[in-house]
Amino acid sequence: MKVNRQEELEMEQVKSFDRMRKKLDDYYFLMNCVIKNIYLFIGCAFALLPVSEGDMTFYGCGIFLLSMAAVLHLAPYQVVREKGKPASIYEKCKWLPVSRKVIRKVRREYLFQFSVKIGIAVFLCQMFGAALSGKAGFGNVAFPVLVWLLVWGIGNFYITFYIK
């Protein structure tokens, strides 16, 4: 992924815009953060049961909650509330000027950093549960990778189709 100088400058403008917006709209970011952390806690609690002892419906609920946490993590960066009405982030950023591609690329960076943290948390929970039950295996290592890929994929889907 080679990034040229112009694209790098545009990405920095978008990140600067996000930092300023986060300062101005602290309440919205805080509420999303609280709900996101609740979803993360419950999703990681699902991951405490080792893969060898659970069923996929049980883990599907945990993956769904972790994916929703990723979407909630991205939500404040996707929509701007103006006078109580939602507006697309591109409508606000197009005057910087930046392209949709650059906005998506910055959002994907945010998503990648967040999904790696989720993957590590699920890995640690899975290993802790496997150590307690004494049933560690390949599935306990493969499951967190699967969770990371699913969370990253769902987040990418959200980014791709939300920024039109």
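Figured I'd write up the structure that's included with this text. The model shown is predicted, which means the values in this text are computed figures rather than measured ones.

Turning our attention to helix α6 (residues 138-162). Between the first and last C-alpha of α6 there are 36 Å, a value that for 25 residues agrees with the 36 Å anticipated at 1.5 Å per step. Taken as a whole, α6 has its buried residues at Asn140, Phe143, Pro144, Val147, Val151, Gly155, Asn156, Tyr158 and Ile159.

Turning our attention to the side chain of glutamine 126. Relative to the helices and strands, glutamine 126 is located in helix α5 (residues 100-133). Here glutamine 126 falls in the buried class, since its relative accessible area comes to 0%. Once residues within four sequence positions are removed from consideration, glutamine 126 is found in contact with Ala47, Leu49, Pro50, Val51, Asn140, Phe143 and Pro144.

Moving on, we get to the nonpolar core. Grouped together as the largest cluster of nonpolar side chains are 35 residues, with contacts concentrated most on Leu66, Ile103, Ile118, Val122, Phe143 and Val147. Residue assignment for this core shows that the elements contributing at least two residues are α1 (5-24), α2 (26-46), α3 (56-78), α4 (89-93), α5 and α6.

Attention shifts here to the environment of isoleucine 35. Relative to the helices and strands, isoleucine 35 resides in helix α2. Linking isoleucine 35 and methionine 68, residues 33 residues apart in sequence, is a C-alpha distance of 9.7 Å.

This part covers the environment of leucine 66. Among the structural elements, leucine 66 can be located in helix α3. According to the relative accessible area criterion, leucine 66 is buried, its value standing at 1%. Residues leucine 66 and glutamate 8 lie 58 residues apart in sequence; the distance between their C-alpha atoms is 30 Å. Setting aside chain neighbours within four positions, we find leucine 66 in contact with Tyr39, Leu40, Gly43, Cys44, Ile118, Val122, Val147 and Val151.

Moving on, we get to a nonpolar patch on the surface. Together, Tyr27, Leu30, Met31, Val34, Ile35, Ile38, Phe41 and Ile42 make up a nonpolar patch on the protein surface, roughly 780 Å² of accessible area in all. Summarising the element assignment, tyrosine 27 is placed in helix α2.

Calculation notes
- Residues numbered from 1 in each chain as written.
- Predicted model: local features only at pLDDT ≥ 70, side-chain atom pairs only at ≥ 80, totals over all residues.
- Heavy atoms only, no water.
- Helix = DSSP H or I, 4+ residues; strand = E, 2+ residues; numbered from the N terminus.
- Expected span 1.5 Å × (residues − 1).
- Buried < 20%, exposed > 50% of the residue type's maximum accessible area, 1.4 Å probe, protein only.
- Contact = heavy atoms within 4.5 Å.
- Core = buried A, V, L, I, M, F, W, Y, C linked by side-chain atoms within 4.5 Å.
- Patch = residues over 30% accessible without salt bridge, like charges linked within 9 Å, V, L, I, M, F, W, Y side chains within 5 Å.
- Areas by Shrake-Rupley, 256 points an atom, 1.4 Å probe, with all protein chains shown as cover.
- Salt bridge = Lys/Arg side-chain N within 4 Å of Asp/Glu carboxyl O.

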